[in-house]
Amino acid sequence: MAGEADLLETYLPAASALIVGFALTFLLIPPISKIMRKHGIVGTDVHKLDRPLIPEMCGLALVIGVTASTLVVGFFYRDSILKLLAFVSATLIVALVGALDRLTTIGPRLKPVLTAFGAIPILLLSVYSPRPSLPFIGVTRLTIIYPILILVAIAVTANSANMLDVFNGSLTGTCSVATIAIVVCTFLVGRVEIAALAAALLGGLAAFHIYNRYPAKVFLSDVGSLYTGAAIGSLAILGHVEVAAVTAMMPQIMNAFYGLAKVGRLYERKEISARPIKILPDGRLAASRDPSAPVTLSRMILARSPLKEYEITRHMVALSSVSAILAIITQLLIVWW
Amino acid sequence: MRTITDLTLILLFVWITMLASLVVIFAALPFLTSKLTTELGRLLEQVIVAGLATIIGLVWLTMWRELAFRYFSRILTRNVERAHASPDT
């Protein structure tokens, strides 16, 4: 009986956060997409032959849904209020950067700098531990360098998630899988309050995926994609699962790294004239043979043969699933060592 | 399926070399340079470890990039050759 009570105490907050995150996001998407369409905040779905106009900035529903479900987590874990406050403020700062980037133009160099500001609440509230645990090594001490790594981590996760938001459902699908890995890893290290936060994000992403999967009815835009990446980065730091989170985010990091390595600098998709992907007359997508086009994960997936848009997303989710399994193995190596 | 297998192999390579690099940086390097601590001081030891860690990190990134780009260009070249060999397709 006591065991059942313990189980309930451990998993009930996470389950509640998951349900609230899912329900709120799901219910908020239709009204927000109507508002965006009414105000002309729409973007072209460039990977379709008929190039439909889709409401943008609907990631606001995800931001509101997950932030509100953080209150549910706060109800269960009142002594972790500082961590929850750090999570909410860090992710909202990055979401604001995303909204600004959509409404104005921040530029490819300034955006990573501004997203790094998301780390400031975590640093100011001092809710991190500069002693990350590594596989085969155990606990290490990075007192001086760790705060700098937090700035880098938020900027890298936010922008690499943003760079994978290229196909219908690609970000929501891959980041949902990465978040599942973080939920499992945080439970493994006993950080149940962070597991509940991750569950809230998972609920929001799952709800958004229903609307964003092929053929997309809404777009996340930078406000949602940067928010998702920053949320994963914050969860990794607060949950003390840094190496596992890097492993779970490998497809996103790979995609960003290949693009950067090829172009040689930070860039925005719209400023690259040589597109990595082209649409065939039958609607399938093919890898561009232009040597100056950036090498992205989607171009690598398409190198062998042309595919439908949803097939590329499936490949990405499959790769994310492999990364998620590796992330859980990494965390098990840390726990068992 | 073949694409997923190939990219999974790249993922595995990146993951294994990342873990190996972490072991080298956090376990082997401080051990190897511990002699320097007594002779040159702890600060210099930290500088040397940080410098070597940076070099290992850069080598890791270069290896990763080369592996991925060679895989990509090999597949693309093969596809172009196939297209030339059968012009009616």
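Residues numbered from 1 in each chain as written. Chains lettered and ligands numbered in written order. Predicted model: local features only at pLDDT ≥ 70, side-chain atom pairs only at ≥ 80, totals over all residues.

1. Quick look at the overall build of chain B
Secondary structure assignment for chain B yields 3 helices and 0 strands. Taken from N to C terminus, the helices and strands of chain B fall in the order α-α-α. (Helix = DSSP H or I, 4+ residues; strand = E, 2+ residues; numbered from the N terminus.)

2. Re the environment of A:Leu103
Note on placement: A:Leu103 falls in helix 3 (residues 81-103). Sequence separation of A:Leu103 and A:Arg304 is 201 residues, and the distance between their C-alpha atoms is 38 Å.

3. Here we look at the interface of chain A and chain B
When the parts of a complex come together, some accessible area is lost, and that lost area is often used as the size of the interface. Residue-level contacts link 22 residues of chain A with 20 residues of chain B. When residues of the side of chain A that touches chain B are traced back to their parent elements, those giving at least two are helix 11 (250-263), helix 12 (297-302) and helix 13 (309-336) of chain A. The biggest single contributor to the side of chain A that touches chain B is helix 13 of chain A, with 6 residues. Its residues assigned to classes, the side of chain A that touches chain B shows 16 nonpolar, 4 polar and 2 charged. (Contact = placed C-beta atoms within 7 Å. Nonpolar A, V, L, I, M, F, W, Y, C, P; charged D, E, K, R; others polar.)

4. A few points about helix 7 (residues 170-188) of chain A
The terminal C-alpha atoms of helix 7 of chain A lie 27 Å apart, and with 19 residues this matches the ideal 27 Å at 1.5 Å per residue to within 8%. Across the 19 residues of helix 7 of chain A, 17 count as buried, placing the element largely inside the fold. (Expected span 1.5 Å × (residues − 1). Buried ≥ 20, exposed ≤ 12 C-beta atoms within 10 Å, placed from the backbone.)

5. So, helix 11 of chain A
Look at helix 11 of chain A: 20 Å from first C-alpha to last across 14 residues, which is about the 20 Å you get at 1.5 Å a residue. Two residues or fewer past helix 11 of chain A, A:Gly264 is found with a positive phi of approximately 85 degrees.

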